[in-house]
Amino acid sequence: MSAVLAPEVRRREAASRIVLLGTGGVGRAVLRRLADLRERGLAGGLVLAGVANSRRGVRGDDLSPLQVLNPVAPLSRANSIDWVDELHATDGAGRRVVIDATASELVAARHAHWLAQGIDVVTANKLGQGGPLLRWQAIRAAQASGRARYGDAATVGAGLPLLRTIRALTAGGDQIASIGGVLSGSLAWLFDQFDGTRPFSDLVREARERGYTEPDPREDLSGADVRRKLLILARASGIALDEHEVAVTPLLDEVLAHARAEGVDAALSRLDAPLRLRLDAARSRGARLRLVARWRPGSAGVGLEALALDDELAHGAGTDNRVVIHSSRYRERPLVIQGPGAGTEVTAAALVDEVLDLASR
Ligand SMILES: NC(=O)c1ccc[n+]([C@@H]2O[C@H](COP(=O)([O-])OP(=O)(O)OC[C@H]3O[C@@H](n4cnc5c(N)ncnc54)[C@H](OP(=O)(O)O)[C@@H]3O)[C@@H](O)[C@H]2O)c1
């Protein structure tokens, strides 16, 4: 005779059990959003089973999101990654989900492993699919071989319908001919604001305070973050683009690039004079500065461009991302997707939407 479970226990067993990694800007916004959904009765089927940053974690049967904004207990394992495996070791009736709200190589390197264990991965961390080619291939293979899903909408465009559109086009037999994009919300905001009245370095500091830049703004200024996004978009189009195939022209010089973490803030002013020159030169031609990523067969690059005002990529304001896609279907006139592409709230919303979508399957 099978054991009779109390309704509450049955509900938990069938629920999606979530472990959240990362309690920075995005992770905390995820917790606030989960709390809000609970309050409004919209989080049915989601159970928060663990929350950890790189040092501490908290676990429970059904954690209250707002009470775990600051995990206090040391992790029961040496690191958060093994801790996820421990928390998700039991196979229940519901889905097991990891939300990756870190920028950690180590966490990204586990994505394929979790998928292979049947654990869904919902990620804002671009180092999974935007990292080494072999890692992307492992993630694809792990997805194809099991039932676990990979939610990556938050990795490019902070949830804008970019990846799903490209995948729908290619699934429908369309061939992507080129992708051009303003892919960094933080850099879009910086060059939208940069009119010469304030030094560029001042704007970078403000962007960091607003949560637009990566934790270390050099990730944005080096073009590394945009390169990852271009890799993710190209790979979603079915192109096995390798990291070294993307030519990146960074905004920062050697001194800023190699400054120690505590020296970055002071070294930011090295950006001011050269970028002011670029701004003046662009303006004298009636052009706008934008940090642009481009892919077409045989050529991929990231760099600052002075765009004529009628250029498809010259538009958009604030943190808007703008992506222009030419394909066999959109040959004459491109498909253009635009919208806010940075910020902890929109990124968290994209992550939670994907978890809800998984839970409904
Ligand atoms: N901010 C945005 O607008 C935005 C938009 C799109 C995507 N993203 C992406 O979202 C991710 C998070 O961004 P963020 O702005 O929230 O960064 P953040 O504020 O620096 O937070 C990162 C968090 O990750 C934690 N962490 C690092 N390694 C870990 C590990 N091994 N296990 C568990 N936790 C670990 C850190 O822990 P400690 O506190 O212990 O250091 C910290 O809590 C990044 O990949 C970023 O690229 C951000």
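These numbers were taken from a predicted model, which means no experiment stands behind them.

Colleague: When you look at the packing of aromatic side chains in this model, what are you seeing that I'm missing?
Modeller: In this structure the tally under the stated criterion is 4 aromatic pairs. Geometrically, the ring pair formed by Phe191 and Phe194 is edge-to-face, given 6.5 Å between the ring centres and 70 degrees between the ring planes. Phe194 matches Phe191 in its accessibility class, with the two residues each being buried. For the ring pair Phe191 and Phe200, a centre distance of 5.1 Å and an interplane angle of 35 degrees mean the geometry is tilted.

Colleague: How should I be thinking about the site of the ligand in this particular structure?
Modeller: Taken together, 26 residues lie near the ligand, and Ser54, Arg55, Ser80, Thr102 and Glu214 sit nearest. Separating an oxygen atom of the ligand from a backbone N or O atom of Gly24 is a distance of 3.2 Å. Within the contact set of the ligand, an oxygen atom lies 2.8 Å away from a backbone nitrogen or oxygen of Gly343. Look at the ligand: alone it shows 920 Å² of surface, and the protein chains cover 81% of it. For the shell around the ligand, the class distribution of residues is 9 nonpolar, 14 polar and 3 charged. Viewed by domain, the shell around the ligand spans two of them, domain 1 (7–160 + 345–359) and domain 2 (163–340), each represented by three or more residues.

Colleague: Help me understand the domain arrangement of the protein chain, please; the structure alone is not making it clear to me.
Modeller: Put simply, an interface is often sized by how much accessible area is lost when its parts join up. Its domain assignment divides the protein chain into domain 1 (7–160 + 345–359) and domain 2 (163–340). Between the C-alpha centres of domain 1 and domain 2 there is a distance of 28 Å. Overall, the association of domain 1 and domain 2 removes approximately 1,600 Å² of surface from exposure, summing both partners, and the carbon and sulfur fraction of that is 62%. For the interface between domain 1 and domain 2, the tally reads 2 salt bridges. Salt-bridge contacts for Asp225 lead to Lys126; the nearest nitrogen and oxygen are separated by 3.3 Å. Put simply, domain 1 and domain 2 have 4 residue pairs in polar contact (both at pLDDT 80 or more) between them. Here the side of domain 1 that touches domain 2 is built from residues that sort into 7 nonpolar, 6 polar and 2 charged.

Colleague: Explain the sheet that holds strand β8 (residues 176–182) to me, please; I cannot follow it from the model alone.
Modeller: Strand order in the open sheet made by the 6 strands is β9-β11-β10-β8-β12-β13, with mixed pairing throughout. Both outer strands of the open sheet, β9 (247–248) and β13 (335–340), are each paired with one neighbouring strand and no more. Inspection of the sheet shows strand β12 (residues 320–327) paired to β13 by 6 bridges, in the antiparallel sense. Along β13, the bridge assignment pairs Val323 with Ile337. Packing of helix α8 (residues 185–193) onto the sheet brings it into contact with β8, β10 (287–296), β11 (299–308) and β12, and relative to β10 it is tilted by some 155 degrees. Helix α14 (residues 272–284) rests against β10 and β11 of the sheet, and its axis sits at about 95 degrees to β10.

Rules and cut-offs
- Residues numbered from 1 in each chain as written.
- Predicted model: local features only at pLDDT ≥ 70, side-chain atom pairs only at ≥ 80, totals over all residues.
- Heavy atoms only, no water.
- Phe/Tyr/Trp six-rings, centres within 6.5 Å; stacked < 30°, edge-to-face > 60°.
- Buried < 20%, exposed > 50% of the residue type's maximum accessible area, 1.4 Å probe, protein only.
- Near = heavy atom within 4 Å.
- Polar contact = N/O pair within 3.5 Å; in protein donor to acceptor, adjacent residues only side chain to side chain.
- Areas by Shrake-Rupley, 256 points an atom, 1.4 Å probe, with all protein chains shown as cover.
- Nonpolar A, V, L, I, M, F, W, Y, C, P; charged D, E, K, R; others polar.
- Domains from an automatic or database assignment.
- Buried area = accessible area lost by both parts, 1.4 Å probe.
- Salt bridge = Lys/Arg side-chain N within 4 Å of Asp/Glu carboxyl O.
- Pairing = 2+ DSSP bridges.
- Helix = DSSP H or I, 4+ residues; strand = E, 2+ residues; numbered from the N terminus.
- Contact = heavy atoms within 4.5 Å.
- Axes fitted to C-alpha atoms, helices over the stretch in contact; angles between N-to-C directions.

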